[in-house]
Amino acid sequence: MDILVLGGGPAGATVARLLALRGFSVELRHQPPAVKHSLAETLPPSIRNVFHLLGIQRQIDAAGFYRTAGNTSWWASSRKREERYAGAPGYQVLRADFDRLLLRLAEESGARITGETSDTRARFTLDCTGRAGFLARPFRMPQKGFRTVALSAIWRGPCRGIDPTHTLVEAYRDGWVWAIPLAADRRYVTVMTERGRKYAQELGQTRALRKLLTGCTPEGSLWGCDASLYSSRRYATEDTLLVGDAGSFADPISSFGVKKALTSAWVAAAAVTTCLRHPEQSAMALDYFEQRERQTYADHLRQAAAHYAPGATRFATPFWTVRAALHDPAPDLRAALHRLRAAPELRLRLGDDVRLEALPAVQGEEISHRPGLSAPGLTAGQEFYYGVNLATLVRLAEKHRQVPALYEDYNRREPPATLAALLTALSYLMAVRVLI
């Protein structure tokens, strides 16, 4: 057998499907969870880029997941803030339903789904067992200061005065609460806290959500799970990869957990494909996967700390201040974006000490060398920002004088990005002086 995949969550089902479609023999071992509870998650519109990349956008849309038009939050202050998505909506999904869909797609693509536990010889073994970390445990490193317990319950009834599709998020003294609708009158309300106190006590510390849930009724039993952060000392050996949450766990505050798992699976599939088709390139492919996973975790950790920083100015408690301490202020994207909007046309050139050189990257089904950016302001090997390929954007930005033409040209060459993402990436390149 070519590949053994352990775990049937988003990462396992996705990598099994991709490798089976490429003609490899794939066995996916999946044990349905014994617990009956399932978390709900918000998938922001940016995940459509990943669905498109994986070729599953049509199946996702046909599944009938509840659409979301944006977020309503009470975060840096007690004042309500509404953020509406521009363009396409996001999705509110019950993870159990979402995972079953991806598992079915893997089986339809030729992956053999089993519940076996016996030893099997395979050329590659991919640990996609998430937090359980069947093979990953010996490599795991907890993230200091990010111990989190998630306490959840289902609530029935309307939350009046807000968009019924919105994810609701509220910060309070000792944590934050996430309320995700799966219907207009059904929400999964999860408390994220460091202490394992009673759910009602934690929820009682909120103001806005406590009031909104007054006319709602809890349904069924409460449940909890560990949501602490961790990474790994290693993500790859010569015949084993730690994929998705098996290797590292992103803070739920980002809403990027599923996107991270799917992207990790996509890169893992490319690494394994390269190793099996071109054994002489195995070291390069595995090192690329290793570095990509490290960079992804570091990026998510910085983003999480940036989310916690405004809360730390409001609540001077350890839950907030310890998490916010890792915040590394980003380059001044707002100033760069203002310059973009104020300029009558684009006139951009490469900054000093910026080079385009051959760097490993995913191309099609494999990892090979393609032009990449090397610059003092960028992390070594950094390819993307907000899902936008930076090297491609730099090459095209020098050719175009108008943003619409640049946007259209970029989307012809790369997986489609939103205009907001492209402008953010362009502002980032200007802020770090890759483009001047």
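Summary of the structure given here. (Residues numbered from 1 in each chain as written. Predicted model: local features only at pLDDT ≥ 70, side-chain atom pairs only at ≥ 80, totals over all residues. Heavy atoms only, no water.)

Remarks on the environment of Ala171
Filter applied, for reference: Secondary structure elements follow DSSP: runs of H or I no shorter than four residues count as helices, runs of E no shorter than two count as strands, and numbering proceeds from the N terminus. Here the term buried applies to any residue with accessible area under 20% of the maximum for its type, exposed to any over 50%, and partly exposed to those in between, with areas from a 1.4 Å probe on protein chains only. Any two residues having at least one pair of non-hydrogen atoms within 4.5 Å are treated as being in contact.
Take Ala171: it is sitting in strand E12 (residues 167-172). For Ala171, a relative accessible area of 1% gives the class buried. Separated by 38 residues in sequence, Ala171 and Leu209 place their C-alpha atoms 9.9 Å apart. Each residue touching Ala171, except ones within four places of it in the same chain, is listed here: Trp74, Trp75, Trp176, Arg314, Phe315 and Trp320.

Examining the pattern of salt bridges
Heads up, the rule is: Salt bridges are identified by distance alone: a Lys or Arg side-chain nitrogen within 4 Å of an Asp or Glu carboxyl oxygen.
Summed over the entire model, instances satisfying the criterion amount to 27 salt bridges. As a salt-bridge pair, Asp97 and Arg100 come within 2.4 Å of each other at their nearest N and O atoms. Taken together, the positions of Asp97 and Arg100, both in helix H4 (residues 95-108) and three residues apart, correspond to about one turn of that helix. Overall, the relative accessible area of 35% leaves Asp97 in the partly exposed class. For Arg100, a relative accessible area of 52% translates into the label exposed. Each member of the salt-bridge network shares a partner with another, and the members are Arg156, Asp185, Arg186 and Glu219.

Here's the deal with the nonpolar core
The criterion, for reference: Each nonpolar core is a collection of buried residues, namely Ala, Val, Leu, Ile, Met, Phe, Trp, Tyr and Cys, held together in the definition by side-chain atoms within 4.5 Å.
Core analysis: the biggest nonpolar cluster contains 86 residues, and Ile3, Leu126 and Trp176 have the highest contact counts within it. Beyond its immediate stretch of four places on either side in the chain, Leu126 contacts Ile3, Leu4, Val5, Leu6, Val15, Leu19, Leu241, Val243 and Val272. If you look at the next biggest cluster of nonpolar residues, it comprises 31 residues, including Ala397, Ala425, Leu426 and Val432.

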